[in-house]
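Breakdown of the fold
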Amino acid sequence: MTATTASDNRPFDMVTFTAVTITIIAWASAFPAIRAGLQAFGPLELGALRFAIAAVPAALFLIVTRPGWPTWTDFARLAVGGIVFVALYTALLNIGEKTVSAGAASFIINVNPIITAGLAMFLLGERFSGRAWAGTALSFGGIGLIALGEGKGLHLDAGALFILGAAFCSSISTVVQKPLFARHRPLTVSAWNMVIGAIVLSPALPSAVTELSSASTEATLAVIYLGIVPSLIAYGTWAIALSRLPASRASNFMYCVPPVATLLGFLWLGETLTLFGAMGGAMALMGVAFVNWRPIAKTPKMKKA
């Protein structure tokens, strides 16, 4: 199954940069928002409310734009996105974050780019050079420092297995959905993901509404924020980034999420920024830059007559 398209060879332009930047900031901000939401809602209930909020405008987008019914093969890929990338990923991450510290959770979830790179090479025929693997190792080591910088070490329990499962969900859906962008607009793919995922999570919606009646203002605002920014907006910008970059390269940008999440925790929640955290963030960003650095081609000199 090869699915590399002409879009994979596009330069890293302003559209791609903007999509990647929004995705990183939005998904980094989801970590404190999830922690706030879990104070009042169960893991499944939080996910059901989050994507119910996101699914309404997503469904309206599909109704207005009328992209046409996908083929059965494409619908199967869209279903993987909705079931695996939205519903299952969210449920596993929410369950895991109830017992696993934020730093350790970010370390585990960032196995995702490594898994994605391996799957993309095997299934999509993408190339990942030795330099790219070296940059990945640098970023992964930096995420480890961030986790250790919490001062508690890597205290992992059964929740770690749920978060590892979430990482696999993200990688699998990224590779499975990559071929869709040769035939469908990125926002169409994202909208289908939102709608299908919300339907899968809907059995938990009645109990979520019950919990909403007694939830604090902070938890309620956290759910609304999760539904709009890290879900509706960020899933759309991630689809745009994935449509313009190889799956392995796009996934590598996710190493930027923990450093940004650490910085947001410092600015938003007043969490202590440790030396290990700062060093790990710098390493993670350097690794991403190393993977995505492209030498500028030299213009051949004109020979004198």
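1. So, unusual backbone geometry
With phi around 45 degrees, R66 is a residue other than glycine that occupies positive phi space. Mapped onto the fold, R66 is located in the loop between α2 (43-65) and α3 (72-96). The exposure class of R66 is exposed, given its relative accessible area of 70%.

2. Looking at the nonpolar core
Core analysis: the largest hydrophobic core is formed by 63 residues, its most contacted members being W27, F51 and Y235. Going through the elements one at a time, α1 (14-37), α2, α3, α7 (158-177), α8 (186-201), α10 (217-244), α11 (247-252) and α12 (257-268) are the ones with two or more residues in this core. Top contributing element to this core by residue count: α1, with 10 residues. With near-sequence residues (within four places) excluded, Y235 lies in contact with W27, R50, F51, F85, V86, Y89, T90, S190, M194 and P230.

3. Overview of the confidence of the model for the protein chain
Scored by pLDDT, the protein chain has a mean of 78; 65% of the residues are at 70 or more. Taken together, the stretch residues 1-7 has pLDDT below 50 and engages in 13 contacts with residues farther than four places along the chain or on a different chain.

4. Concerning α2
In a regular helix each residue adds 1.5 Å, so 23 residues correspond to 33 Å; α2 covers 33 Å between its end C-alpha atoms and thus fits that length. Along its length, α2 shows its largest kink, about 30 degrees, at A55, and proline P57 lies within four residues downstream of that point. Listed in full, the buried residues belonging to α2 are P43, E45, L46, G47, A48, L49, R50, F51, A54, A55, A58 and L62. Summarising the contacts, the buried residues of α2 are in contact with α1, α3, α8, α9 (205-212) and α10.

Rules used throughout
- Residues numbered from 1 in each chain as written.
- Predicted model: local features only at pLDDT ≥ 70, side-chain atom pairs only at ≥ 80, totals over all residues.
- Heavy atoms only, no water.
- Helix = DSSP H or I, 4+ residues; strand = E, 2+ residues; numbered from the N terminus.
- Buried < 20%, exposed > 50% of the residue type's maximum accessible area, 1.4 Å probe, protein only.
- Core = buried A, V, L, I, M, F, W, Y, C linked by side-chain atoms within 4.5 Å.
- Contact = heavy atoms within 4.5 Å.
- pLDDT = per-residue confidence, 0-100.
- Expected span 1.5 Å × (residues − 1).
- Bend = angle between axes of the 7 residues up to and from the residue.

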